[in-house]
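Now for the letters of each chain:
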Amino acid sequence: MHANHARTPFDLGAALKDAGLVAGIVVLLTVALVGARVQDISSGPPVVFRFDDVIAAALLAFVGRFAIALLRGGRPRPVLIAALAFALGLSAILVHGVTSAGPGLTRLLPFASPVINWVIAIAAWILSARAAWLQWHATSTLDAEAREAREARMDRLGAMVQTWARFFGPLLLGVAVVLPFLPGIDRRLLDIAILVVTYIMLGWGLNIVVGLAGLLDLGYVAFYAVGAYSYALLALYFDLGFWTCLPFAGIMAAFAGILLGFPVLRLRGDYLAIVTLGFGEMIRIILLNWYTFTNGPDGLSGIPRPTLFGLPFTANPPEGQASFHSFFGLEYSPLDRIVFLYYVILGLALVTNLFTLRIRKLPVGRAWEALREDEIACRSLGVHPRNTKLTAFAIGAMFGGFGGSFFATRQGFVSPESFTFIESAMILAIVVLGGMGSQIGVVFAAILLIGLPEVFRELNQYRMLAFGLAMVAIMVWRPRGLLAHREPTVRLADHAPGAADAAPEMRT
Amino acid sequence: MSPPQPALLTVEHLTMRFGGLVAIDDVSFEAPRAKITAIIGPNGAGKTTVFNCLTGFYKPTAGRLALRHPQRGECLLERMEGHAIPATAGVARTFQNIRLFPGMSVLENLLIAQHNVLMRASGYTIGALLGLGRYAAAEQRAIKRARYWLDRVGLVDRADWNAGNLPYGDQRRLEIVRAMCIEPVLLCLDEPAAGLNPRESAELNALLSFIRDEHKVTLLLIEHDMSVVMEISDHVVVLDYGRKIADGTPDAIRNDPAVIRAYLGEPEEEARP
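In short, a report on the structure. (Residues numbered from 1 in each chain as written. Chains lettered and ligands numbered in written order. Predicted model: local features only at pLDDT ≥ 70, side-chain atom pairs only at ≥ 80, totals over all residues. Heavy atoms only, no water.)

Once that is clear, we can look at a nonpolar patch on the surface. Residues and elements named next belong to chain A. Among the surface-exposed residues, Val 27, Val 31, Val 38, Val 47, Phe 49, Phe 51, Ile 55 and Leu 59 lie close enough to one another that they form a single nonpolar patch of about 720 Å² accessible area. Among the elements of the structure, helix H1 (12-35), strand E2 (47-49) and helix H2 (52-72) are those that each provide at least two residues to the nonpolar patch. Its place among the elements puts Ile 55 in helix H2. Among the residues examined, Ile 55 registers a relative accessible area of 52% and is labelled exposed. (Patch = residues over 30% accessible without salt bridge, like charges linked within 9 Å, V, L, I, M, F, W, Y side chains within 5 Å. Areas by Shrake-Rupley, 256 points an atom, 1.4 Å probe, with all protein chains shown as cover. Salt bridge = Lys/Arg side-chain N within 4 Å of Asp/Glu carboxyl O. Helix = DSSP H or I, 4+ residues; strand = E, 2+ residues; numbered from the N terminus. Buried < 20%, exposed > 50% of the residue type's maximum accessible area, 1.4 Å probe, protein only.)

Rendered as structure tokens:
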């Protein structure tokens, strides 16, 4: 339609060179990760080279990059035709592969894993949709101005989600509350739900430290560990129950936070990150080596399960005691305990969320955000930087501690192996991905990062690669996180002007 | 007429060394109460260093910085911690390169300036979390004060904007009224007119005169814009290479040969051959 409209010259050589470069990078990245495979020595040579995947990846990258260059150069038609054909063909083969068992056409597929093939098919569909859009709207939206517009659009999207969250949040909460009773929810799904909600809670806890106060904490798992071991040790040494220990575990973790924070919170940015990283490892190594107290690498087992007002969730309670099912006259079901655990963590997570929402509107919460924005300006206004940071650190740690004691009671067993750096990284990724400071963003990110890998189990060794790819994509397109949009904690518009020009009582 | 009051701020023998570099060398001056004192001088004369010593960002190597607070008596600024200087001695400052909280709203910026008052009213958070105390009333008062100052600088309509999205001149003014929200007795302004156009400059003069005359705040001002300095300041201190070379009324300074040589320069027709 607008074929002759503003036909910009297209530099074929540069586009080919660029596509070649990208393909080269793909080869470099995949040749060691994907091309070479280590296998059991008994079944042949120790390293097997399989370059077909590498070649397929490089070819796809080359073609894809060239197609994007064509789109940018205002040549959507060939891309539309090629991408559509490719997408149609690939999808057809995939669907055919699902419906019929025979090998047949599936040999034509670029990769062995159906998930990757599907991802590529979806990418091709997106590419063709984009080409179609350009074909009939003619203007390329990839220049700087358009990028800014897109940025604004994404920000509006963030704002929109934030507004929706007011209605959407209760809905999500409703789903979360009735989840255990929904049809089709089995033990496995409930376990995943517990895991996701645990990470949501930890994300909300860390969000206080990273999102609000802007302190990059790479050792959050240390407080999780302190909480878990506090409960485990108190329970095993003093025979205390979960609900008695929960506040203690929080207090212990908060105390650990203050202990760490006091000397190191004068550090900024990267330096603080490194020290907290070290602290996380220190806690783990102490737990590993203090054999007489923590049982070292063997871990602590026999941690008591939580009870509902003293009613245990066991099939055969000790003599003279009621258990949950006998007290309520129900049939014993092992699922009861899981459902109860789910509600415990859901309650803890909600407490964390309500606390954060409330404290954000209080002076201390505002001071946290101000510290994130500009510490020097804070000092010049009389905000005590160290104390303010310490409160953020301690409160964040406290919620980590609650999460930790829940973890201990859920597993019934703790060992230092559960508290490695990858846990810290995961929780931090949830906060950053969701959009720093965004409560609903944390929920989405936790579902995305914890729930989806369960779905993507089939990808096995590519799983972490896909994880990294997703993170890079977010950093490129949405550096402030998926739903980073900040609503002011207080609006002047909500406060009636009244005595606008009457001076408040001033010192003279 | 009331008898001459003692100066609000007395700086005596202030010296600041960074290793071998002497940034301020034995500078003494006074800032009279409810007057505007300008500190001028060429780049690198040590003006901002004086401010950093006064507001606790640097610990002076030697010297005495005495502030006679009308309610709290004499405060020795050189012995106080950085965050305590605004909180207890009532010294506020602005920065040469504006330091707002750009991601927060204009109103929030002004509420953070009232942090200590609000913090006490919220029972150090615990009271307000439990729903006790008079936090809501205190917040209303804080918002009222913020509105009063926003009204002064014509930013009421944009109170819910992100501070970082304001035009440059408004950011400058917002920083000044944010400093005023801590209810200071001494306000130190580091080049408030930098980057302002003549109209904005005139508005700034009016704002500063208002702060001095209506709120009886003592102002200390670093400025290169001579139109601002000569028009509104009551007292001028001239620094050069970390030393004080002159001290007096604007008129006396304008004609001081040492100042002309070091800073103001020869009259224009003689400077251009």
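There is more to say, and it comes next.
Our next topic: the interface of chain A and chain B. Between chain A and chain B, the residue contacts involve 42 residues of the former and 51 residues of the latter. Interface of chain A and chain B: buried area, both sides summed, is about 4300 Å²; carbon and sulfur atoms make up 63% of it. Taken together, the links from chain A to chain B amount to 2 salt bridges. A:Arg366 is the salt-bridge partner of B:Glu139, the closest N and O atoms lying 2.8 Å from each other. (Contact = heavy atoms within 4.5 Å. Buried area = accessible area lost by both parts, 1.4 Å probe.)

Let us now look at the nonpolar core. Judged by nonpolar contacts, the single largest core of 160 residues is most densely connected at B:Leu174, B:Leu187, B:Leu208 and B:Ile211. Counting residues per element, this core draws most heavily on helix H6 (residues 187-212) of chain A, which supplies 16 residues. With residues near it in sequence (within four places) discarded, B:Ile211 still touches B:Trp149, B:Ile176, B:Met180, B:Leu187, B:Lys216, B:Val217 and B:Leu219. (Core = buried A, V, L, I, M, F, W, Y, C linked by side-chain atoms within 4.5 Å.)

Turning next to the sheet that holds strand E3 (residues 36-40) of chain B. Residues and elements named next belong to chain B. The 6 strands lie next to each other as E6-E7-E8-E3-E9-E10, forming an open sheet whose pairing is mixed. In this open sheet, the two strands that pair with only one neighbour each are strand E6 (91-93) and strand E10 (243-248). Averaged over all adjacent pairs, the angle separating strand axes in this sheet is 20 degrees, with direction ignored. Alignment of strand E7 (residues 186-190) against strand E8 (residues 218-222), held across 5 bridges, turns out to be parallel. Across the sheet, residue Leu 187 finds its bridge partner in E8, namely Leu 219. (Pairing = 2+ DSSP bridges. Axes fitted to C-alpha atoms, helices over the stretch in contact; angles between N-to-C directions.)

Residue and element names in this part refer to chain A. Packing of H1 against H2 brings their axes to within 8 Å, and their N-to-C directions diverge by 150 degrees. In this view, H1 runs roughly antiparallel relative to H2, as classed from their interaxial angle. By crossing handedness, the relation of H1 to H2 is classed as right-handed. Here the contact of H1 with H2 is composed, by residue class, of 17 nonpolar, 3 polar and 3 charged. (Parallel < 35°, antiparallel > 145°, perpendicular 65-115°, else oblique. Left-handed = near helix turned anticlockwise from the far one by under 90°. Nonpolar A, V, L, I, M, F, W, Y, C, P; charged D, E, K, R; others polar.)

Strand-to-strand pairing in sheets goes through backbone hydrogen bonds, with the strands running parallel or antiparallel. Residue and element names in this part refer to chain B. With antiparallel pairing, the 4 strands of this open sheet are ordered in space as E2-E1-E4-E5. Either end of the sheet is taken by a strand with one partner, and the two such strands are strand E2 (21-31) and strand E5 (73-76). Averaged over all neighbouring strand pairs, the angle between strand axes comes to 20 degrees, with direction disregarded. Taken together, the 4 bridges between strand E4 (residues 62-69) and E5 define a ladder with antiparallel strand orientation. In the strand pairing of E5, Ala 66 is matched with Leu 76. Against the sheet, helix H1 (residues 47-54) touches strand E1 (9-18), E2 and E4, its axis set at about 110 degrees to E1.

Let's shift gears to the packing of aromatic side chains. Inspection of every chain in the model, using the stated rule, returns 18 aromatic pairs over all chains. Summarising the aromatic geometry, the rings of A:Tyr224 and A:Phe419 are spaced 5.6 Å apart at their centres and angled 80 degrees between planes, so their arrangement reads as edge-to-face. One end of the pair, A:Tyr224, is in helix H7 (residues 221-238); the other, A:Phe419, is in the loop between strand E4 (413-414) and helix H16 (421-434), and 195 residues separate them in sequence. Here A:Tyr224 matches A:Phe419 in class, with each residue buried. Feature note: the residues A:Tyr220, A:Phe223, A:Phe279 and A:Phe393 constitute an aromatic cluster, connected by ring pairs. Here the guanidinium or amino end of B:Arg152 rests over the ring plane of B:Phe210, the centre of that ring lying 4.2 Å away. Geometry around B:Trp161 places B:Arg158 over its ring, the cationic atom sitting 5.6 Å from the centre. (Phe/Tyr/Trp six-rings, centres within 6.5 Å; stacked < 30°, edge-to-face > 60°. Lys NZ or Arg CZ within 6 Å of the ring centre and 35° of its normal.)

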